[in-house]
Amino acid sequence: MAQRGQRDGVGRTPPAPGDAEITTPMPAVTDGAAFDPSVPAARDRARAIPEAAVARLAVYLRVLSAMQEQGLGTVSSEELSVAAGVNSAKLRKDLSYIGSYGTRGVGYEVAVLIDQIERILGLTRKHSVAVVGIGNLGHALANYGGFPSRGFPVTALFDVDADLIGIPVGGIAVNHIDDIVRVCSEREVSIGVIATPPAAAQAVCDRLVEGGVECILNFAPVVLQVPDTVEVRKVDLAVELQILSFHVARRADGAGPAPQVNGVAPPVLDHRGMDGVVIRG
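As the structure is a computational prediction, the values presented were derived from the model and not from experiment. (Residues numbered from 1 in each chain as written. Predicted model: local features only at pLDDT ≥ 70, side-chain atom pairs only at ≥ 80, totals over all residues. Heavy atoms only, no water.)

What follows concerns the overall build of the protein. Secondary structure summary: the protein contains 10 helices and 11 strands in total. In the protein, which comprises 281 residues, the proportion classed as buried is 39%. Surface exposure of the protein reaches about 14,400 Å², of which carbon and sulfur atoms provide 56%. (Helix = DSSP H or I, 4+ residues; strand = E, 2+ residues; numbered from the N terminus. Buried < 20%, exposed > 50% of the residue type's maximum accessible area, 1.4 Å probe, protein only. Areas by Shrake-Rupley, 256 points an atom, 1.4 Å probe, with all protein chains shown as cover.)

Now the structure itself:
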């Protein structure tokens, strides 16, 4: 979900016939400028990618990383599309946004594709995360090992509870929310996670922005007002549950599963906030 300033396993199969149509070699990994968001032309390319495609690129990256861990060096568009839950034509279109076209009879080099997607998603940059609101959700987020392993280390925690101030959670001492501006500035926090009650969310958001935070992940069920220079993504678990309820009700009424396009069901994206919790929407 997006608001303004918000924009906001794996089995191998023979290469699909359509892959033979993809003949343009991929750019070399060393051609980093083509995907470096700090280069103006690359920024323009990144801005031209539809947000739905950006979400799918993140899914492809997760799938490709799993393939790389399994020792796979190349993958066909059919293999990758099946693993990611999209049709191969859409996948090829998505990858064309980042300049990847594969090679006839070979497909895509996994390591090259990972490098390209990481660059276009800005994952080659250093990110630092702050979590505000150290309740049950905040504790889980602060202790989640998946963040640092994917380039998003949590470096600051904030709360108003006097019993929590100075107490380490996930190895990081909790600061008072009054220190948000100073601490975020000193630790160069670029992403803030709001896990506070709704009434406190906007004030917390304002302090994060003042502290130089550029992106906010908001778990509070409120719409935040931010400058156009700040990106916000809203995660409303209640809404996600209501969507799931709709699908359950539709199946119970005999409507059956969601329709397929070209024999492939629409992609199901995972929103993973902590180990063991997966909201699919």
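A few words now on the pattern of salt bridges. This structure, assessed with the given rule, holds seven salt bridges. Residue R182 pairs with D179 through a salt bridge whose shortest N-O separation is 3.8 Å. Residue R182 pairs with E186 through a salt bridge whose shortest N-O separation is 3.2 Å. With R182 and E186 both in helix α8 (residues 180–186), this residue pair falls four residues apart, about one helical turn. Classification of R182 by relative accessible area gives partly exposed; the value is 42%. On the accessibility criterion, E186 (55% relative accessible area) is exposed. A single salt-bridge network, built from bridges that share partners, covers D179, R182 and E186. (Salt bridge = Lys/Arg side-chain N within 4 Å of Asp/Glu carboxyl O.)

In this structure, Y60, L64, L80, L95 and I117 are the most contacted members of the largest nonpolar core, which totals 23 residues. For this core, the secondary structure elements donating two or more residues are α2 (51–69), α3 (77–84), α4 (88–96) and α5 (110–120). It is α2 that contributes the most residues to this core, eight residues altogether. The contacts of L64, once residues within four sequence positions are left out, are V75, L80, V110, L113, I114 and I117. Within the second largest apolar cluster, 21 residues are counted, among which are V132, A156, V183 and V226. (Core = buried A, V, L, I, M, F, W, Y, C linked by side-chain atoms within 4.5 Å. Contact = heavy atoms within 4.5 Å.)

What follows is about the sheet that holds strand β3 (residues 129–132). With respect to topology, seven strands assemble into an open sheet ordered β5-β6-β4-β3-β7-β8-β9, the strand pairing being mixed. One side of each edge strand has no neighbouring strand; the edge strands of this open sheet are β5 (168–169) and β9 (231–234). Bridge count for strand β7 (residues 191–194) against strand β8 (residues 215–218) is four bridges, and the pairing is parallel. Bridge pairing links I194 to N218 in β8. (Pairing = 2+ DSSP bridges.)

This part takes up the packing of aromatic side chains. Scanning the entire structure with this criterion turns up one aromatic pair. For the ring pair Y144 and F147, a centre distance of 4.8 Å and an interplane angle of 90° mean the geometry is edge-to-face. (Phe/Tyr/Trp six-rings, centres within 6.5 Å; stacked < 30°, edge-to-face > 60°.)

With that settled, the discussion passes to the confidence of the model for the protein. Mean pLDDT over the protein works out to 77, with 72% of the residues at or above the 70 mark. Taken as a whole, residues 4–37 scores under 50 in pLDDT and shows 87 contacts with residues more than four places along the chain or in a different chain. Within the model, pLDDT remains below 50 along residues 267–281, and this stretch shows 33 contacts once partners closer than five positions in the same chain are excluded. (pLDDT = per-residue confidence, 0-100.)

Further remarks concern α3. In an α-helix, one turn spans 3.6 residues; hence positions three or four apart end up facing the same way. Within the sequence span of α3, burial applies to S77, E79, L80, S81 and A84. In this structure, the buried side of α3 is in contact with α2, β1 (74–75), α4, β2 (108–109) and α5. Taken from the residues just after α3, G85 is the one with a positive phi, measuring 80°.

Next up on the list: the pairing of β7. Taking every second residue as pointing to the same face, both faces of β7 are buried, with I191 and V193 on one and G192 and I194 on the other. In the classification by handedness, the crossover that spans β7, the intervening helix α9 (residues 198–210) and the parallel β8 is right-handed. (Right-handed = clockwise from strand over helix to strand, strands pointing away.)

All right, on to the pairing of β9 then. On a regular strand, one side chain projects to one face of the sheet and the next to the other, so that they alternate. What you see with β9 is a clean split: V232 and K234 sit on the buried side and E231 and R233 on the side with no burial. The sheet contact formed by β8 and β9 spans four bridges and is parallel. Bridging across to β9, L217 finds its partner in R233.

Bringing the environment of P197 into the picture now. Counting through the fold element by element, P197 comes out in the loop between β7 and α9. Placed 25 residues apart in sequence, P197 and V222 show a C-alpha to C-alpha distance of 9.5 Å.

Moving on to the environment of S81. Relative to the helices and strands, S81 is located in helix α3. Remark: the alpha-carbon pair of S81 and Y60, spanning 21 residues in sequence, is separated by 8.4 Å. Those residues within four positions of S81 in sequence are excluded, and the remaining contacts are V86, N87, S88 and L91.

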